[in-house]
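Structural features, examined
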Amino acid sequence: MNMMSATECLLQMSDEHFELEDYQSGVPRWCTGCGDNAILAAVQRLCRDEGLRPEKTVFVSGIGCSSRFPHYMKTYGFHGIHGRALPVAEGVKMARPDLTVFVNTGDGDCCSIGAAHWIHAIRYNMNITVFLHDNQIYGLTKKQASPTSPIGTKSNTTPRGSYLEALNPLTVTLGVQNVSFVAQAVDWIPELLFDIVKAAYHHKGLSFVRIIQRCPEWLPKSLDPWLHDPQKVQLLNHENGLQLSAGLSRVYKNQLQHDPSDINRAREIASGHDTIPVGILYRNPAVPCYEDLRHSDKLRTPDLTRAGLNAELDKYTVWPQGAEQKVAQSDGARRYRMHTARN
Ligand code: SF4
Ligand code: MG
């Protein structure tokens with residue numbers, strides 16, 4: 001029997017045990033009171049509790065305040081370009097399905113310049129956890145109206161107040177084919193924020209979590225009605241969703257039993273205006289992930305990969321005059337190389 005030495009045993013234990021410091025990197029440069037800090041704390045706790053190996057974890061972001069997120073995680077990270085966090089993350093997941101991939105994107109990043117990527121990422125349903133940090137404003141560029149800014153928001157681009165109703169990221173996401181997980185959290189209820197982040201991580205498929213976050217710098221009072229009146233926050237609970245602690249139930253009495261498998265009810269709840277629903281709106285683990293559809297074991301064998309590469313190269317081969325008759329079209333350049341080597 002292969003007995004492990006005490007030293008080996010200790011080494012293995014320390015290897016599998018993680019502390020918060022194993023994921024913390026740098027000092028966040030977000031403003032005091034910014035909701036991004038709460039999201040970072042919840043995600044670092046998730047990584048620690050789940051024992052996510054830093055070298056197997058990737059955070060991808062676009063541009064904006066929230067997109068500084070990868071800088072503060074001691075994991076792999078990619079601070080991308082505006083609106084392109086999702087396609088970058090999908091590329092990472094496609095090439096390395098063994099990695100745990102998270103996306104941090106803002107309301108401007110995801111719902112404006114990145115909107116096309118957002119829709120198609122939902123449809124592709126790759127196994128990625130997406131956090132939409134929705135502060136309802138462009139923060140990094142100093143206060144321009146974003147697609148989720150409430151109507152009437154005064155900003156540098158809308159000095160008389162914004163004219164349009166805000167886009168609702170939940171109803172948009174719930175309307176896309178192949179949607180498989182949609183939840184909403186708020187930064188000021190950390191217990192629930194963590195539970196939702198955890199449920200999103202455990203879902204196989206694209207988990208879309210809209211996190212309503214405070215921006216005390218540019219919209220200091222805009223969320224006060226919900227912050228100061230717990231009745232205006234509606235907690236969703238269900239045996240198939242989140243179970244609420246006694247402490248939360250004491251403060252937040254406005255609760256709704258909602259089965260997350262019911263997409264029509266999820267759309268109704270997401271469409272409400274007065275209260276902010278918090279919890280899991282929709283979950284369907286049966287939707288297939290794109291990387292699984294594409295990456296069967298058969299497709300990944302070295303021989304088949306080589307054959308595929310040869311077939312691709314064949315498309316660009318310039319044949320010497322008359323040579324094309326000497327090779328079968330199906331085998332292309334490889335056969336041609338063998339043929340020319342023999343002659
Ligand atoms: Fe946070 Fe707003 Fe400051 Fe950006 S500007 S770091 S969103 S508080
Ligand atoms: Mg924003």
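Okay, so let's go over this structure. (Residues numbered from 1 in each chain as written. Chains lettered and ligands numbered in written order. Predicted model: local features only at pLDDT ≥ 70, side-chain atom pairs only at ≥ 80, totals over all residues. Heavy atoms only, no water.)

**Structural notes on the overall build of the protein**
- Check the secondary structure of the protein and you find 13 helices and nine strands.
- Among the 343 residues that make up the protein, the fraction classed as buried is 44%.
- Taking the contacts inside the protein whose residues are at least 6 apart along the sequence as the reference set, 66% of them involve residues at least 24 apart.
- When the accessible surface of the protein is summed, it comes to about 17,900 Å², and 54% of that surface belongs to carbon and sulfur atoms. (Helix = DSSP H or I, 4+ residues; strand = E, 2+ residues; numbered from the N terminus. Buried < 20%, exposed > 50% of the residue type's maximum accessible area, 1.4 Å probe, protein only. Contact = heavy atoms within 4.5 Å. Areas by Shrake-Rupley, 256 points an atom, 1.4 Å probe, with all protein chains shown as cover.)

**A short note on the site of ligand 1**
- Lining the immediate environment of ligand 1, one finds Trp30, Cys31, Cys34, Cys65, Asn135, Cys215, Pro216, Glu217 and Trp218.
- Considered class by class, the residues forming the shell around ligand 1 number seven nonpolar, one polar and one charged. (Near = heavy atom within 4 Å. Nonpolar A, V, L, I, M, F, W, Y, C, P; charged D, E, K, R; others polar.)

**What about the packing of aromatic side chains?**
- If you walk through the whole model with that rule in mind, you get nine aromatic pairs.
- Between phenylalanine 18 and tyrosine 23 the ring centres are 5.8 Å apart and the planes differ by 50°, which places this aromatic pair in the tilted class.
- Both rings, one in phenylalanine 59 and one in phenylalanine 102, keep their centres 4.6 Å apart while their planes meet at 5°; by these two values the pair is stacked. In this pair, phenylalanine 59 is assigned in strand β1 (residues 57–61) and phenylalanine 102 in strand β3 (residues 100–106), connecting sequence segments 43 residues apart. Each member of the pair phenylalanine 59 and phenylalanine 102 is classed as buried.
- Cluster of aromatic residues (ring-pair linked, three or more members): Trp30, Phe59, Phe69, Tyr72, Phe102, Phe131 and Tyr201.
- Directly above the aromatic system of phenylalanine 194 lies the positively charged group of arginine 45, at a separation of 3.6 Å from the ring centroid. (Phe/Tyr/Trp six-rings, centres within 6.5 Å; stacked < 30°, edge-to-face > 60°. Lys NZ or Arg CZ within 6 Å of the ring centre and 35° of its normal.)

**Thoughts on the coordination of the magnesium ion (ligand 2)**
- The magnesium ion (ligand 2) binds to the protein through Asp107 (OD), Asn135 (OD1) and Ile137 (O); the donor distances cover 2.1 to 2.2 Å.
- Every donor residue of the magnesium ion (ligand 2) comes from the same chain, spaced as D-x27-N-x1-I. Here aspartate 107, found in helix α4 (residues 107–113), pairs with asparagine 135, found in the loop between β4 (129–134) and α6 (169–174); they are 28 residues apart in sequence, far enough to count as distant. Each member of the pair, aspartate 107 together with asparagine 135, is buried. (Donors = N, O, S within 2.8 Å, 3.2 Å for Na, K, Ca; no water.)

**What to know about the pattern of salt bridges**
- Taken as a whole and assessed by the stated rule, the structure comprises eleven salt bridges.
- With a shortest N-O distance of 2.9 Å, glutamate 55 and arginine 53 are connected by a salt bridge.
- A relative accessible area of 41% means that glutamate 55 is categorised as partly exposed.
- A salt bridge links aspartate 98 to lysine 56, with the nearest nitrogen and oxygen atoms 3.0 Å apart. One end of the pair, aspartate 98, is in the loop between α3 (85–95) and β3; the other, lysine 56, is in the loop between α2 (35–50) and β1, and 42 residues separate them in sequence.
- Among the residues examined, aspartate 98 registers a relative accessible area of 41% and is labelled partly exposed. (Salt bridge = Lys/Arg side-chain N within 4 Å of Asp/Glu carboxyl O.)

**Here we look at the environment of serine 149**
- Mapped onto the secondary structure, serine 149 falls in the loop between β4 and α6.
- Overall, serine 149 belongs to the buried group, its relative accessible area being 3%.
- Sequence spacing of serine 149 and alanine 166 is 17 residues, and the spatial spacing of their C-alpha atoms is 5.5 Å.
- Polar side-chain contacts of serine 149 include one of 2.8 Å to the backbone nitrogen of serine 146. (Polar contact = N/O pair within 3.5 Å; in protein donor to acceptor, adjacent residues only side chain to side chain.)

**A closer look at helix α10 (residues 263–271)**
- Three or more residues of α10 are buried, namely Ile263, Ala266, Ile269 and Ala270. For α10, the angular spread of buried residues about the axis comes to 115°, placing them on one side.
- Among the structural elements, α6, β7 (233–237), β8 (255–257) and β9 (276–283) are those in contact with the buried residues of α10.
- The residue sitting at the N-terminus of α10 and contributing the capping side-chain oxygen is aspartate 262; that oxygen lies 3.3 Å from the backbone nitrogen of asparagine 264. (Arc of directions from axis to C-beta.)

**Description of the side chain of lysine 93**
- For lysine 93, the location among the structural elements is in helix α3.
- At 3.0 Å, the side chain of lysine 93 and the backbone oxygen of proline 97 are in polar contact.
- A polar atom in the side chain of lysine 93 sits 2.6 Å from the backbone oxygen of leucine 99.
- Residue contacts for lysine 93: discarding those within four places in its chain leaves Leu99, Val101, Met126, Asn127, Ile128 and Glu291.

**Considerations on the environment of serine 249**
- Along the chain, the position of serine 249 falls in helix α9 (residues 246–251).
- Residues serine 249 and leucine 235 lie 14 residues apart in sequence; the distance between their C-alpha atoms is 8.9 Å.
- If we skip the residues at most four places from it in the chain, serine 249 touches Leu244 and Gln255.
- Within the structure, the side chain of serine 249 is placed 3.2 Å from the side chain of glutamine 255, a separation counted as a polar contact.

**Topic: the environment of leucine 281**
- Relative to the elements of secondary structure, leucine 281 occurs in strand β9.
- Distance from leucine 281 to asparagine 237, taken between C-alpha atoms, is 9.6 Å for residues 44 residues apart in sequence.
- Not counting residues within four places of it along the chain, the set of residues in contact with leucine 281 comprises Leu170, Val182, Ala183, Gln184, Leu236, His258, Pro260, Ala266, Ile269 and Ala270.

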